[in-house]
Amino acid sequence: MHRLIDGVLRFQTEIHGKRQELFNELGERQRPFAVFIACSDSRVVPELLTQCDPGDIFVIRNAGNIIPSYGPSSGGVSASIEYAVQGLGIPNLIVCGHSDCGAMKAILREDKLDKMPAVGAWIKHAAAAKEIVEARFSPGEAEKKRLNALVHENVLCQLRNLTTHPSVAAKLAAGQLSLHGWVYNIDSGMVDTFDAERQEFVTLTRDSTAQATPKLMVRYQTRK
Ligand SMILES: [Zn+2]
């Protein structure tokens with residue numbers, strides 16, 4: 001705990017005062033420009049990865065960067081998404097998976113979850129990703145390869161789940177929200193981004209315009 005308390009005191013004396021103007025502004029309101037859905041993993045730090053300031057990104061984190069499909073028993077993730085998209089009107093949404101994800105490993109090794117029933121239940125929201133990877137790879141394939149595929153498929157699976165949320169579906173239909181699917185590689189710092197036009201993950205670059213917004217959800221003109 002000492003390390004945390006020392007950190008808070010250092011933040012108060014060395015950081016907060018130097019950016020008083022920013023914090024005064026943030027004390028009144030927030031106007032983030034992106035929703036960032038990431039894993040709770042300690043190695044994934046959205047503000048560090050994107051070099052964003054407080055107030056820039058609205059972060060939702062849980063084990064496996066999972067978004068349960070919308071349903072009658074909505075939980076905290078659904079409420080956070082609704083508030084971000086409908087309440088704050090944030091125009092960009094990124095689902096970001098990462099390499100060496102413990103939640104994704106748990107999906108591949110489901111037999112080891114006897115003592116973690118809550119984790120077992122939670123990762124069922126990624127069942128489609130698991131089935132896709134099992135259909136594409138034989139069980140004999142190296143785990144590292146299957147894990148990497150699962151991390152990527154899970155991002156796509158969660159993007160699909162996202163579109164079942166009425167607030168997200170409405171903003172997509174109105175052309176007021178863009179979706180992005182990222183995978184962050186912890187070792188290299190590189191980010192893969194899903195390009196819906198090419199239907200594949202590509203390396204994120206300065207000129208990257210790749211979007212993961214599903215074609216079905218792209219704005220269309222209703223025939224009169
Ligand atoms: Zn993870």
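Rules of the game
Residues numbered from 1 in each chain as written. Predicted model: local features only at pLDDT ≥ 70, side-chain atom pairs only at ≥ 80, totals over all residues. Heavy atoms only, no water. Helix = DSSP H or I, 4+ residues; strand = E, 2+ residues; numbered from the N terminus. Buried < 20%, exposed > 50% of the residue type's maximum accessible area, 1.4 Å probe, protein only. Axes fitted to C-alpha atoms, helices over the stretch in contact; angles between N-to-C directions. Parallel < 35°, antiparallel > 145°, perpendicular 65-115°, else oblique. Left-handed = near helix turned anticlockwise from the far one by under 90°. Contact = heavy atoms within 4.5 Å. Core = buried A, V, L, I, M, F, W, Y, C linked by side-chain atoms within 4.5 Å. Phe/Tyr/Trp six-rings, centres within 6.5 Å; stacked < 30°, edge-to-face > 60°. Donors = N, O, S within 2.8 Å, 3.2 Å for Na, K, Ca; no water. Arc of directions from axis to C-beta. Pairing = 2+ DSSP bridges.

We now examine unusual backbone geometry. Of note in this structure, Q51 is not a glycine but carries a positive phi near 55°. Along the chain, the position of Q51 falls in the loop between helix 3 (46-50) and strand 2 (57-62). For Q51, a relative accessible area of 64% translates into the label exposed. Residues other than glycine seldom take positive phi values, yet D100 does so here, at roughly 55°. Mapping D100 onto the fold places it in the loop between strand 3 (92-98) and helix 5 (102-108).

Quick look at the packing of helix 7 (residues 127-136) against helix 8 (residues 143-162) now. Axis separation between helix 7 and helix 8 bottoms out at 8 Å; the angle between their running directions is 140°. Comparing their axes, helix 8 and helix 7 come out oblique. Between helix 7 and helix 8 the crossing geometry is right-handed. For the pair helix 7 and helix 8, contact is made by A128, A129, K130, I132, V133 and R136 and by R146, A149, L150, E153, N154, C157 and R160, respectively.

The next thing to look at is the nonpolar core. Grouped together as the largest cluster of nonpolar side chains are 42 residues, with contacts concentrated most on I81, L93 and L162. For this core, the element with the highest residue contribution is helix 8, accounting for nine residues. Discounting chain neighbours no more than four positions away, the residues touching I81 are I37, I60, I67, Q86, L162, H165, S167 and V168. F36, A38, C52 and I57 belong to the second-largest nonpolar core, a separate cluster that totals 11 residues.

Right, let's get into the packing of aromatic side chains. Scanning the entire structure with this criterion turns up four aromatic pairs. Seen from their ring centres, F11 and F23 are 6.0 Å apart, and the 85° between their planes marks the pair as edge-to-face. Linking F11 in helix 1 (residues 2-16) with F23 in helix 2 (residues 20-26), this pair joins segments that are 12 residues apart in sequence.

The subject of this paragraph is the coordination of the zinc ion. By definition of the ideal shapes, four donors in a tetrahedron about a metal sit 109.5 degrees apart, and six donors in an octahedron sit 90 or 180 degrees apart. For the zinc ion, the protein coordination sphere consists of C39 (SG), H98 (NE2) and C101 (SG), at 2.0 to 2.3 Å. Counting the intervening residues between successive donors of the zinc ion yields the motif C-x58-H-x2-C. Residue C39 is found in strand 1 (residues 34-39), and its partner H98 is found in strand 3; the two are separated by 59 residues along the sequence. Per residue, the accessibility class of C39 equals that of H98, and both read buried.

Buried within helix 9 (residues 166-173) we find S167, V168, K171 and L172. Each buried residue of helix 9 lies within a common arc of 130° when the element is viewed along its axis, so the set occupies one face. In this structure, the buried side of helix 9 is in contact with helix 4 (76-87), helix 8 and strand 4 (178-184). Looking one or two residues past helix 9, G175 carries a phi angle of roughly 70°, positive in sign.

Attention shifts here to the pairing of strand 5 (residues 191-195). Most of strand 5 sits inside the fold, with four of its five residues counted as buried. Taken together, strand 4 and the strand that follows it, strand 5, pair antiparallel across an intervening segment of six residues, in which G189 is found at a positive phi of about 80°. Pairing analysis gives four bridges linking strand 5 to strand 6 (residues 200-203), with the strands arranged antiparallel. Following the sheet pairing, D192 is matched in strand 6 by T203. Hairpin remark: strand 5 followed by strand 6, antiparallel, with four residues in the connecting loop; positive phi at Q199, about 55°.

This next bit is on the sheet that holds strand 3. The pairing of strands in a sheet comes from backbone hydrogen bonds and takes either a parallel or an antiparallel form. On the basis of which strands lie adjacent, the open sheet formed by six strands has the order 2-1-3-4-5-6 and mixed pairing. Two strands in the sheet have a free side with no partner beyond their single neighbour: strand 2 and strand 6. Ignoring strand direction, the axes of neighbouring strands in this sheet form an average angle of 25°. Docked against the sheet, helix 8 engages strand 3, strand 4, strand 5 and strand 6, running at close to 160° with respect to strand 4.

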